[in-house]
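Results of the structural survey
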Amino acid sequence: MSDTNTAASITSDLNGHDSTPADDDAQLSPAKTGAGTESDETIEAREQSDAQLIPLPPLEGGIDQERAYVAALYRRLDELREENQTQLNRVRSTGAVGTMQNISERDAFASMYEDRLAQLNAVDDRLVFGRLDLENGDARYIGRIGLTSSDRQRLLLDWRAPESGVFYQATAFDRQGVRRRRHLLLKRRAVQGLEDEVLDTSVLEEGTENHGDGALLAALKARRTGQMGDIVATIQAEQDRIIRADRSGILVVQGGPGTGKTAVALHRAAYLLYAHRERLKSAGVLIVGPSSTFLSYIERVLPSLGETGVVMSSLADLYPGIRGMEETDPLAAEIKGRLDWTEIIADAVAHRRRTIPEPREVRVEGVKVTVTPKMVRRGIERAKATGKPYNEARSTFVKVMIKEIAEKLERLLQKRSQGNEADRSYLEEDVRHSRDVRVLLNLCWMPRTPQALLEDLFSKPQYLAEVAPQLSPEERAALQREPGAAFTIADVPLLDEAAELLGDLDEHAERQEARRQAAREKDLENARKAVENASPALEEMGIEGFLDAEAVANLNSETGPRLTAAERAGVDRSWTYGHIVVDEAQELSPMQWHMLMRRCPLKSFTVVGDIAQGSSASAAQSWAQALGPFIDDRLRIEELTVNYRTPRNMVELAERVAEANGLQITSLRTVREGEHEPVIEKHNDAGSLVSAAVTSVGAEQQRLGEGLVAVIAPQKLVEPVREALVAQYGKRVGAGAGSMAQDVVAMTADEAKGLEFDGVVLVEPAALLEEARGRVGSLYVAMTRSTQSLRVLHSRPLPAGFAAEA
């Protein structure tokens, strides 16, 4: 297949893809089947046959008409899937033949079809959720992705398109041209009901009977499934403003419990991938969460919105190849979180470069050569002058030292042979292979891994004392541990800093990098030609920017399984992202922020959290304190003030407890009253709390009818409670990262951050407060996780604020 035919053979299967805002307005050209040989007459005839548009239901249209329209949308979705699969099969069947440019095009198109199929498959559930009736008589259907008919008529708007914004922003006071906003309530593919919000009172005179505002409340009352759902159908105006905010700089989303911070952040990530696809597709988006359980909880949200190319990581996993364990000592965690470690690790790296106190003899092929301290210092200074990281600069040191030792050896041999000018070019190789020389060079500049450097720091008190004089003896003692101990979450940013300063261990990395760069330039040139050939067909289809030279070059250069940008980023410590979303950000230490800032040099962040919920040893008192060391004036703070999750009675109790214990919080508005009043049970001794927790789970499930119930307990009680629950409920009890898939879970308050449950059984609040060393954030978090009911079990006196309820 020729280059031209490869490009021209792309068909109209992507016509419905609203990949960028420009796509919504694009007049997409007719489909082409085959290899670009379809005649104009054939195209015109087929267009006329395809021009049977799906009629929009009239303004007063009822549920039957909406069902017909939605069914037609799903038929179009199925058509696009079939067309994309057909084209993918055809592209794959061509095989790796032709020029490199042909192969690049084939791989790029295969990638395009695969990505589109993944998107079309991910949005099957509740594809469409809204309809806008406008003053000009038009109707717009809003859905998870955009769809157009085969003859270029718009059928469905992507929720992220500019025209869709009014679905979330219009009000009775500012209608923005909207007469009625209709929510289509779907279960899978079937329309189950309608909810109309009438913004123009004249609509009421036209006979609409579906007006109401129950879509949001229905979503809030729905049973928790252990997986976070998207809120795309019920985004509120204050949330939509944040979702569509500009990408540049650092946007902080501050909000109390239940305000939808996490959902807003995820939908913002989806929006940015839509609005800035060309930039973010190649660089990627990183979402950082507090734990693997949390990531498991949110993992389906972005795919349900048609986005799959995102890297998700907990703080424990940000350093490739290391899974950080919990730091059991809060003091050690706080110390490791300080920015002082940028200096300490730099000094620790520098400490590994050593001169020799006095001249030292080395033996090369039986000849003794004296190496002086001056020679070593000269080699070190020349290597440092390169500005390269420690391990990479070492190769310069080795070259300098070998050259100087070889020259000295040559002078000795000339002197012994009375000026014989024989060829002695082999001497450098002899010096390089001398055991004495290798031992000396390693003594002066030993290659080091980040893991070995950190292990030395924490297992050798004298070494730590030499490089960290700013730490007190008590603080250094808190960091001491045995060699081989597991790395902790607090160690991860220190490993990252060490890796940055140490660099690659491979002494031949420079030559290999030069070869890689040369090959890369050749690949890019081939890719540019491939994209130039493909561009006319892509522009004709309205998907400009979906394919770029860099993406084609990446496909061409891969020798193993094809990796997306997200997959490559996940295993490359030095990868820099186009945007980073950080959830539960109030918990991050300065060193963790330092590590994240390195991963996004443009400082494009969405930071989500609640200062009041901070409970870690390094939790900041304000966003300015947390982010001030890393930015100048690019900090914007948006606040969410409505609690959508937690009923009023539970919010009021949690706020009383927080304020009574000195925690400053912003009082939240709530959208619903609680159907179940909080229950507080006193038990005579701590030993009965485990069995009481099991009994309480049964009581909560009976009270709620069904739902996900969590027991939130102090660390020392979590495992006994979990074992007792397993004995009672068996496989219904979840454990580990997949725990939220079951309907009964037991966890600590910190593990519950960012999660939500139908019912919560809270065990021994005083112990939770004590465990957090008096910080109220964890207790406040635990009391605001429930959407329906709260039961508190205690044997010790309750913390302040509970008195009225007790």
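Residues numbered from 1 in each chain as written. Predicted model: local features only at pLDDT ≥ 70, side-chain atom pairs only at ≥ 80, totals over all residues. Heavy atoms only, no water.

In the annotation of an unreviewed UniProt entry, the entry for the protein reads AAA family ATPase, and the organism field reads Nesterenkonia alkaliphila.

1. Some points on unusual backbone geometry
With a phi close to 55°, R126 is a non-glycine residue in the positive phi region. Its place among the elements puts R126 in the loop between helix 4 (100-122) and strand 1 (128-134). Even without being glycine, R188 reaches a positive phi, approximately 55°. Tracing the sequence through the fold places R188 in the loop between strand 5 (178-187) and strand 6 (190-198). (Helix = DSSP H or I, 4+ residues; strand = E, 2+ residues; numbered from the N terminus.)

2. Some remarks on a negative patch on the surface
A contiguous patch of negative charge on the surface is contributed by E326, D750, E751 and E771. As for its placement among the helices and strands, D750 is situated in the loop between strand 19 (744-747) and strand 20 (757-763). A relative accessible area of 45% means that D750 is categorised as partly exposed. (Patch = residues over 30% accessible without salt bridge, like charges linked within 9 Å, V, L, I, M, F, W, Y side chains within 5 Å. Areas by Shrake-Rupley, 256 points an atom, 1.4 Å probe, with all protein chains shown as cover. Salt bridge = Lys/Arg side-chain N within 4 Å of Asp/Glu carboxyl O. Lys, Arg positive; Asp, Glu negative; His and termini not counted. Charge placed at Lys NZ, Arg CZ, Asp CG, Glu CD. Buried < 20%, exposed > 50% of the residue type's maximum accessible area, 1.4 Å probe, protein only.)

3. Remarks on helix 22 (residues 492-502)
Burial analysis of helix 22 places nine of its 11 residues in the buried class, which makes it a mostly covered element. What helix 22 keeps buried is the set V492, P493, L494, L495, D496, E497, A498, A499 and L502. If you follow the buried residues of helix 22, they end up packed against helix 13 (330-336), helix 14 (341-351), helix 16 (390-416), helix 19 (450-459) and helix 26 (590-598). Phi turns positive one or two residues past the end of helix 22, at G503, with a value near 75°. (Contact = heavy atoms within 4.5 Å.)

4. Observations concerning the confidence of the model for the protein
Of all residues in the protein, 78% attain a pLDDT of 70 or more, and the chain-wide mean is 81. In the predicted structure, residues 1-54 sits below a pLDDT of 50 and forms 127 contacts with residues beyond four places in sequence or in another chain. Low pLDDT (under 50) marks residues 540-546, which in the prediction has 26 contacts with non-local residues, meaning those over four places away or in another chain. (pLDDT = per-residue confidence, 0-100.)

5. Remarks on the packing of helix 19 against helix 22
Relative orientation of the contacting elements helix 19 and helix 22 amounts to 120°, with a least axis distance of 8 Å. In this view, helix 19 runs oblique relative to helix 22, as classed from their interaxial angle. Where helix 19 crosses over helix 22, the two elements pack in a sense that is right-handed. Along the contact surface, helix 19 presents P450, Q451, L453, L454 and F458, while helix 22 presents L494, L495, A498, A499 and L502. (Axes fitted to C-alpha atoms, helices over the stretch in contact; angles between N-to-C directions. Parallel < 35°, antiparallel > 145°, perpendicular 65-115°, else oblique. Left-handed = near helix turned anticlockwise from the far one by under 90°.)

6. Some words on the packing of helix 29 (residues 689-704) against helix 30 (residues 715-729)
Relative orientation of the contacting elements helix 29 and helix 30 amounts to 55°, with a least axis distance of 9 Å. It follows that helix 29 is oblique to helix 30 by the angle criterion. Helix-helix and strand crossings are classified by hand; for helix 29 and helix 30 the assignment is right-handed. Judged by residue contacts, V690, A693, V694, V697, G698 and Q701 of helix 29 engage L717, P720, V721, A724, L725, Q728 and Y729 from helix 30. Here the contact of helix 29 with helix 30 is built from residues that sort into 10 nonpolar, three polar and no charged. (Nonpolar A, V, L, I, M, F, W, Y, C, P; charged D, E, K, R; others polar.)

7. Concerning the sheet that holds strand 18 (residues 709-712)
Here we have five strands laid out as an open sheet, ordered 17-21-20-18-19, and parallel in their pairing. Unpaired on one side and paired on the other, strand 17 (679-682) and strand 19 mark the two borders of the sheet. Neighbour-to-neighbour, the strand axes of the sheet open up by a mean angle of 20°, direction not taken into account. Pairing of strand 17 with strand 21 (residues 786-794), which is carried by four bridges, proceeds in the parallel orientation. Note on strand 21: the bridge partner recorded for I680 is V792. Lying on the sheet, helix 30 is in contact with strand 18, strand 19 and strand 20; it crosses strand 19 at an angle near 160°. (Pairing = 2+ DSSP bridges.)

8. Here we look at the nonpolar core
If you look at the biggest cluster of nonpolar residues, it comprises 83 residues, and the most contacted ones within it are W341, V371, F397, L457, W593, L596 and F605. Examining the composition of this core, we find that 10 residues originate from one element, helix 16, more than from any other. What V371 contacts, discounting residues up to four positions off in sequence, is I356, P359, R360, V362, V376, M401, I405 and L440. L134, I242, L653 and V760 belong to the second-largest nonpolar core, a separate cluster that totals 75 residues. (Core = buried A, V, L, I, M, F, W, Y, C linked by side-chain atoms within 4.5 Å.)

9. Some thoughts on the packing of aromatic side chains
Counting across every chain of the model gives six aromatic pairs. Ring centres of Y390 and W445 lie 5.4 Å apart, and the angle between their planes is 40°; on these two criteria the pair is classed as tilted. With Y390 in helix 16 and W445 in the loop between helix 18 (435-444) and helix 19, this pair connects stretches of sequence that are 55 residues apart. On the basis of relative accessibility, which here comes to 1%, the residue Y390 falls in the buried class. Classification of W445 as buried rests on a relative accessible area of 0%. (Phe/Tyr/Trp six-rings, centres within 6.5 Å; stacked < 30°, edge-to-face > 60°.)

10. A word on the sheet that holds strand 9 (residues 310-314)
Taken in spatial order, the six strands line up as 9-8-12-13-7-14 in an open sheet, and their pairing is parallel. Sheet topology places strand 9 and strand 14 (635-640) at the edges, where each strand pairs with a single neighbour. Sheet twist, expressed as the average angle between the axes of neighbouring strands with direction ignored, equals 15°. Relative to strand 14, strand 7 (residues 250-255) runs parallel, the two being bridged by six bridges.

11. Some details on the UniProt feature "binding site: ATP" (unreviewed entry) in the protein
Those residues carrying the UniProt feature "binding site: ATP" (unreviewed entry) are G255, G256, P257, G258, T259, G260, K261 and T262 in this numbering. Mapped onto the secondary structure, G256 falls in the loop between strand 7 and helix 9 (261-275). Owing to a relative accessible area of 8%, G256 belongs among the buried residues under this scheme. Not counting residues within four places of it along the chain, the set of residues in contact with G256 comprises K261, D610, Q613, L640 and L668. Residue K261 is classed as buried on the basis of its relative accessible area of 9%. K261 has contacts with V253, Q254, G255, G256, V608, G609, D610, Q613 and L640, leaving out every residue within four places of it along the chain. A distance of 3.1 Å separates a polar side-chain atom of K261 from the backbone oxygen of G255. (UniProt positions renumbered as here; feature names shortened; annotations may be inferred. Polar contact = N/O pair within 3.5 Å; in protein donor to acceptor, adjacent residues only side chain to side chain.)

12. A closer look at helix 30
Taking 1.5 Å of rise per residue, 15 residues should cover 21 Å, and helix 30 covers 21 Å from first to last C-alpha, within 8% of that figure. Packing partners of the buried residues in helix 30 comprise helix 29, strand 18, strand 19 and strand 20. Once helix 30 finishes, G730 follows within two positions and takes phi at roughly 60°, a positive value. (Expected span 1.5 Å × (residues − 1).)

13. Some details on the pattern of salt bridges
Across all of its chains, the model carries 49 salt bridges by this definition. Notably, a salt bridge pairs R703 with E700, separated by 2.9 Å at the nearest N-O pair. With R703 and E700 both in helix 29 and three residues apart, the pair spans about one turn of that helix. Sharing partners across several salt bridges, the network here consists of E66, R131, D133, R180, R182 and D196.

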